[in-house]
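Chain by chain, the residues run as shown.
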Amino acid sequence: MARTGTVPTVNPRPSGSVLAADPLARVAALPGVREAADSARAAVDALLRHRILRRQSAAVTTEASLRAARASAALEGHEISLEGLRGYLSGAGTDARPTPASEGRLAPDPAAPNPAAPNPAAPDAAAPDAAAPDAAARTFPPAVGVPADLRSTDSLDLSSTDLPSPVVLGTVRLYAELGVLGPAWERAPRQALARMHVLVGRGYLPDDLLGRPRADAGTRELLDPLRLGPPPHSVETSVRLDGLTGLLVTPTTAPAVVVAAVVHGELLALRPFGALDGVIARAASRLVLISRGLDPKALTATDVGHLEVDHIDDPGAPVLGYRDAAAAYVGGGAQGVATWVLHCAKALELAARESLAVCEALARDT
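Note that the structure is a prediction, hence the values are computed from the model and not measured.

What counts and what doesn't
- Residues numbered from 1 in each chain as written.
- Predicted model: local features only at pLDDT ≥ 70, side-chain atom pairs only at ≥ 80, totals over all residues.
- Heavy atoms only, no water.
- Helix = DSSP H or I, 4+ residues; strand = E, 2+ residues; numbered from the N terminus.
- Buried < 20%, exposed > 50% of the residue type's maximum accessible area, 1.4 Å probe, protein only.
- Contact = heavy atoms within 4.5 Å.
- Areas by Shrake-Rupley, 256 points an atom, 1.4 Å probe, with all protein chains shown as cover.
- Salt bridge = Lys/Arg side-chain N within 4 Å of Asp/Glu carboxyl O.
- Core = buried A, V, L, I, M, F, W, Y, C linked by side-chain atoms within 4.5 Å.
- Expected span 1.5 Å × (residues − 1).
- Axes fitted to C-alpha atoms, helices over the stretch in contact; angles between N-to-C directions.
- Parallel < 35°, antiparallel > 145°, perpendicular 65-115°, else oblique.
- Left-handed = near helix turned anticlockwise from the far one by under 90°.
- Nonpolar A, V, L, I, M, F, W, Y, C, P; charged D, E, K, R; others polar.

Asker: Tell me about the overall build of the protein chain, and please be specific about residues and values.
Answerer: Of the regular secondary structure elements, the protein chain holds 13 helices and 0 strands. Mapped from its N terminus to its C terminus, the protein chain presents α and β elements in the order α-α-α-α-α-α-α-α-α-α-α-α-α. Burial status across the protein chain gives 55% buried among its 366 residues. Put simply, of all contacts in the protein chain between residues at least 6 apart along the chain, 79% involve residues at least 24 apart. Carbon and sulfur atoms form 55% of the exposed surface of the protein chain, whose accessible area is close to 15,400 Å².

This is the structure in structure tokens:
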């Protein structure tokens, strides 16, 4: 990361201790959080007022989803240039196909035991629900006619090594289906998380690991691209996931960006699947912003904002980069949580500004 900063000294208690009774309102009341949330919302509102969205909001959504997916995969350690990914998806990419109808069902609850290998850590898991009827035949985002001033000046050579990994393609697939996952997310968040893991992990992870909770011991090494250290025991993870999903179905006065940041941070801390959890956390955060009406059309490339925060040159900026802010959250305590939420609010603000630039470029091209 270009900018790391210094992680502030935080209370070593787990973040879950901060998320006690009425936790989201308490998080919103932490120093600087409300102001940062208001600034992020103002940036999103400015984007939503752009005139081009009356005619081409779908194009902006598609472009934002593509950019966000590429950035999220990069944060997971799988990089590709935007032009390389765009060229692959608009060409003969073999994975750019509709999702079969047989995959239009929600995966099992990530807290549920695997029928083939029972998991005693979650004996009371619920049975999976069916997805919405239109969950079948979803595709990757279609190629967008991107204005020339948004394109790279470098010629695209698909014979180069700038080709998407299965994780990149899975992230694009996941972000293309976020709209379908919205109702399931509001009704059964844990099942929606499992479905997300199936979407992003297909072609990269063994089938028997897709949508399944991680085991505390096994032959597969847990992936930790952010170097956050060992996750909690699976029993603690299950309990904290229960608490998190409880928060999501409980009314709160906290701004949507605060709710999204807490969901994002908890999933990074818990790593419920043991692989690709960062992608899932970032997608879940985006779902919160969509479902709670802050960004209802998914116009902001939120994950691009996480990358952009790392390149803020102002040495006096109180916002840490993505990895350090995540480490502050995992470290725990009110200060660590506030540090993380401030990062997420700034990332959303930067993402909204980037999408506003996309709107301006589309307007100039029309």
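Asker: Which residues make up the pattern of salt bridges, and what are the values?
Answerer: One side chain can pair with another of opposite charge once the charged atoms of both are near each other. Under the counting rule described, the total for this entry stands at 14 salt bridges. Between Arg86 and Glu83 there is a salt bridge whose closest N-O contact spans 3.0 Å. With Arg86 and Glu83 both in helix α4 (residues 82–90), this residue pair falls 3 residues apart, about one helical turn. Residue class for Glu83 comes out buried when judged on its relative accessible area of 15%. When the shortest N-O distance is used, the salt bridge between Arg190 and Asp242 registers 2.1 Å. Within this pair, whereas Arg190 is found in helix α7 (residues 189–201), its partner Asp242 is found in helix α8 (residues 234–248), the two being separated by 52 residues in sequence.

Asker: An account of the nonpolar core is requested, with residue identities and associated values reported.
Answerer: Counting residues in each nonpolar core, the largest one holds 87 residues, and the members touching the most others are Leu174, Trp185, Leu193, Met196 and Trp340. In terms of residues, this core owes the most to one element, helix α9 (residues 256–270), which gives 11 residues. Counting 9 residues, the second-largest nonpolar core is a separate cluster that includes Leu47, Leu299, Cys359 and Ala363.

Asker: Hey, could you go over the environment of Ala281 for me, with residue numbers and the actual values?
Answerer: Following the sequence through the fold, Ala281 ends up in helix α10 (residues 277–291). Considered as a pair, Ala281 and Leu268 are 13 residues apart in the sequence and their alpha carbons are 6.2 Å apart. Apart from the residues within four sequence positions on either side, Ala281 is in contact with His264, Leu267 and Leu268.

Asker: Go over α9 with me, naming the residues and quoting the values.
Answerer: With 15 residues, α9 should cover 21 Å at 1.5 Å per step; its first-to-last C-alpha distance of 21 Å lies within 8% of that length. Most of α9 sits inside the fold, with 15 of its 15 residues counted as buried. Positive phi shows up at Arg271, right after α9, with a value of about 45°.

Asker: Can you explain the packing of helix α11 (residues 302–309) against helix α13 (residues 333–365)? Please cite residues and give values.
Answerer: At a minimum axis distance of 7 Å, the contact between α11 and α13 shows a crossing angle of 115°. Between α11 and α13, the angle is such that the two are roughly perpendicular. In terms of crossing hand, the pair formed by α11 and α13 is right-handed. Listed contacts from α13 to Thr302, Val304, Gly305, His306, Glu308 and Val309 of α11 are His343, Cys344, Lys346, Ala347, Leu348, Leu350, Ala351 and Glu354. Here the residues of the contact of α11 with α13 sort into 7 nonpolar, 4 polar and 3 charged.

Asker: Tell me about α7, residues and numbers included.
Answerer: With 13 residues, α7 should cover 18 Å at 1.5 Å per step; its first-to-last C-alpha distance of 18 Å lies within 8% of that length. When you tally the buried positions in α7, you get 13 out of 13 residues, the bulk of the element.

Asker: Summarise unusual backbone geometry; cite the residues concerned and give the values.
Answerer: In this structure, Arg227 takes a positive phi of about 55° despite not being glycine. Phi is positive for Leu276, close to 65°, though the residue is something other than glycine. On the secondary structure map, Leu276 appears in the loop between α9 and α10. The buried category is assigned to Leu276, whose relative accessible area is 2%.

Asker: Tell me about the environment of Arg353, and name the residues and values.
Answerer: Tracing the backbone through its elements, the reader meets Arg353 in helix α13. A relative accessible area of 48% means that Arg353 is categorised as partly exposed. In this structure, the C-alpha to C-alpha distance between Arg353 and Gly305, residues 48 residues apart in sequence, is 9.1 Å.

Such coordinate-based values are descriptive only and should not be taken to indicate function.
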